[in-house]
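In case you want the letters, here they are:
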2 protein chains.
Amino acid sequence: MQQRSEETRSKIISSAIRLFSGRGFNAASVDDICAEAGISKGAFYHHFKSKQDLFLSLLDGWLKTIDNAIEAAKDKPAPEAFTQIAEAFPYIFKTAGEGLPMFLEFWLQASRDETVWQASVEPYRRYHKYFTALIKKGVDEGSFVAVNPELTARMIISTGMGLLLQSLMDPQGAKWEKVARDSVKMLVDGMLKK
Amino acid sequence: MQQRSEETRSKIISSAIRLFSGRGFNAASVDDICAEAGISKGAFYHHFKSKQDLFLSLLDGWLKTIDNAIEAAKDKPAPEAFTQIAEAFPYIFKTAGEGLPMFLEFWLQASRDETVWQASVEPYRRYHKYFTALIKKGVDEGSFVAVNPELTARMIISTGMGLLLQSLMDPQGAKWEKVARDSVKMLVDGMLKK
């Protein structure tokens, strides 16, 4: 029973990603998602309160990769923590794969809907705090030169977002996994005390 | 007559930005744009071949700010060229203003339409080439340490895109003009030969 419920949930999620990517969030209705997934509306509402609730679950699932990497890097010295978090990037790039439209739908919904906006902006603010603290720790423990932690954290997040967006726009334009890995190395090397 | 034609064109453009941002590119028809602008369909097609043609003009207009800054920085030593191009950023941030939905519409259209995709990806590739050459020049003229020009150029573009996206998502989250200026300074300082 538990297993069947999990299967239904994952059917709903993959159908929703397909429809949101293809038609957009507004054009895809709960009815469309149920039809695509081959399930009843009752089953849908057993798993999700609303289309928006489902949408926010997609965002959460995606952020979990980054959160797990951050959690695993806890208690490591700052330079190692960066390298370890960077290991999550190839996975992020791979799962993002054909996901550009879905991604843009998140941001577009965020720009049009207060609840989605809150849910989308909160992680950036959280990651900014996290990286600021991590860089500060690196400076305090003597691994890093005296960079501006706030600004450097902002640049790290910007680089990550920019690389992701470019990789989605132009998958053939570069070896993105390698570019991401090399970028983190360059950023960390730039901070390391020689 | 010339002046009236210019006025019509700018009415079409501002109506289109409003409608594309509010409803999305697909949902806003040429009829809607004409009604919003208070002009005839004949006047529309005098200025633009199609809705897509208008859309691509919006993209071009926006890129012109960056292109002009690049053109003006020609023949300057690399560190000065960077600083000068960075001067265009506050303007970009200001004009982007409420433009997030429009921006995302560009990327979303690009992911769904080959012609828009070509037009959207081409500038990134072009800027990547430009910054790669500029950094290489800086290394050759002895201003910069021996960084990897390709990778560093990629990071500069990523940082710019990421900052722009964050500033649009979260206008109150930071003093973005200052963050952009400080980021360029930090990137250039990181490359400068001490």
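Here is what the cut-offs are and how they apply
Residues numbered from 1 in each chain as written. Chains lettered and ligands numbered in written order. Predicted model: local features only at pLDDT ≥ 70, side-chain atom pairs only at ≥ 80, totals over all residues. Helix = DSSP H or I, 4+ residues; strand = E, 2+ residues; numbered from the N terminus. Axes fitted to C-alpha atoms, helices over the stretch in contact; angles between N-to-C directions. Parallel < 35°, antiparallel > 145°, perpendicular 65-115°, else oblique. Left-handed = near helix turned anticlockwise from the far one by under 90°. Contact = placed C-beta atoms within 7 Å. Domains from an automatic or database assignment. Least-squares fit on C-alpha atoms with pLDDT ≥ 70 in both. pLDDT = per-residue confidence, 0-100. Buried ≥ 20, exposed ≤ 12 C-beta atoms within 10 Å, placed from the backbone. Nonpolar A, V, L, I, M, F, W, Y, C, P; charged D, E, K, R; others polar. Expected span 1.5 Å × (residues − 1). Core = buried A, V, L, I, M, F, W, Y, C linked by C-beta atoms within 7 Å.

For chain A, the helix and strand inventory stands at 10 helices and zero strands. Listed by position from the N terminus, the elements making up chain A come as α-α-α-α-α-α-α-α-α-α. Viewed in the frame of its principal axes, chain A has a C-alpha envelope of about 60 × 35 × 30 Å.

Residues and elements named next belong to chain B. Direction vectors running N to C along helix H1 (residues 2-23) and helix H2 (residues 30-37) enclose 120°, while the axes themselves pass 9 Å from each other. As summarised for this structure, H1 and H2 are arranged oblique, according to the angle between their axes. Regarding H1 and H2, the two cross each other, and that crossing is right-handed. For the pair H1 and H2, contact is made by Lys11, Ile12, Ser15, Ala16, Arg18 and Leu19 and by Asp32, Ile33, Glu36 and Ala37, respectively.

Here we take up the domain arrangement of chain A. Residues and elements named next belong to chain A. Domain boundaries assigned for chain A yield domain 1 (1-48) and domain 2 (51-191). Summarising the inter-unit geometry, the C-alpha centres of domain 1 and domain 2 are found 28 Å apart. Across the boundary between the two partners, domain 1 contributes 10 residues, which contact 10 residues of domain 2. At six residues, the largest contribution of residues to the side of domain 1 that touches domain 2 is made by helix H1 (residues 2-23).

Right, let's talk about the relation of the copies chain B and chain A for a bit. Turning chain B through 180° and shifting it by 0.0 Å along the axis lays it on chain A, with an RMSD of 0.1 Å. Viewed as a symmetry operation, the transformation between the two copies matches a two-fold axis. By residue overlap, the copies meet face to face through one surface: 100% of the interface positions of chain B are interface positions in chain A.

A separate point is the confidence of the model for chain A. Per-chain confidence: chain A averages 86 in pLDDT, with 94% of residues scoring 70 or above. For this predicted complex, the interface confidence score (ipTM) comes to 0.77, while the overall pTM stands at 0.80.

Our next topic: unusual backbone geometry. All names here are of chain A. One non-glycine residue, Asp75, adopts positive backbone phi at about 70°. Structurally, Asp75 can be placed in the loop between helix H4 (51-72) and helix H5 (78-86). With 7 C-beta atoms counted inside 10 Å, the residue Asp75 sits in the exposed group.

On to the interface of chain B and chain A. Residue-level contacts link 34 residues of chain B with 34 residues of chain A. Contributing elements (two or more residues each) for the side of chain B that touches chain A: helix H7 (100-112), helix H8 (114-140), helix H9 (149-169) and helix H10 (176-191) of chain B. If one sorts the elements of the side of chain B that touches chain A by residue count, H9(B) sits on top with 13 residues. Looking at the side of chain B that touches chain A, its residues break down into 18 nonpolar, 11 polar and five charged.

Residue and element names in this part refer to chain A. End to end, H1 covers 31 Å across 22 residues, agreeing with the expected 32 Å (1.5 Å per residue, within 8%). When H1 is considered as a whole, its buried residues turn out to be Ile12, Ser15, Ala16, Phe20 and Ser21. Directly after H1, the chain includes Gly24, whose backbone phi takes a positive value near 100°.

In terms of nonpolar packing, the biggest core is built from 91 residues, with Phe82(A), Leu104(A), Trp107(A), Phe131(A), Phe82(B), Leu104(B) and Trp107(B) touching the most fellow members. Sequence-distant contacts of Trp107(A), that is, excluding residues within four places in its chain, are made with Ser120(A), Leu104(B) and Met169(B).

Now for the environment of Ala35(B). Here Ala35(B) shows up in helix H2. Counting along the chain gives 121 residues from Ala35(B) to Ile156(B), while the straight-line C-alpha distance between them is 42 Å.

This paragraph deals with the environment of Ser120(B). Here Ser120(B) is to be found in helix H8. For Ser120(B), a count of 20 C-beta atoms within 10 Å gives the class buried. In this structure the C-alpha to C-alpha distance between Ser120(B) and Ala110(B), which are 10 residues apart in sequence, comes to 6.6 Å. Once residues lying within four places of it in the same chain are set aside, the contact partners of Ser120(B) are Met169(A), Leu59(B), Phe106(B), Trp107(B) and Ala110(B).

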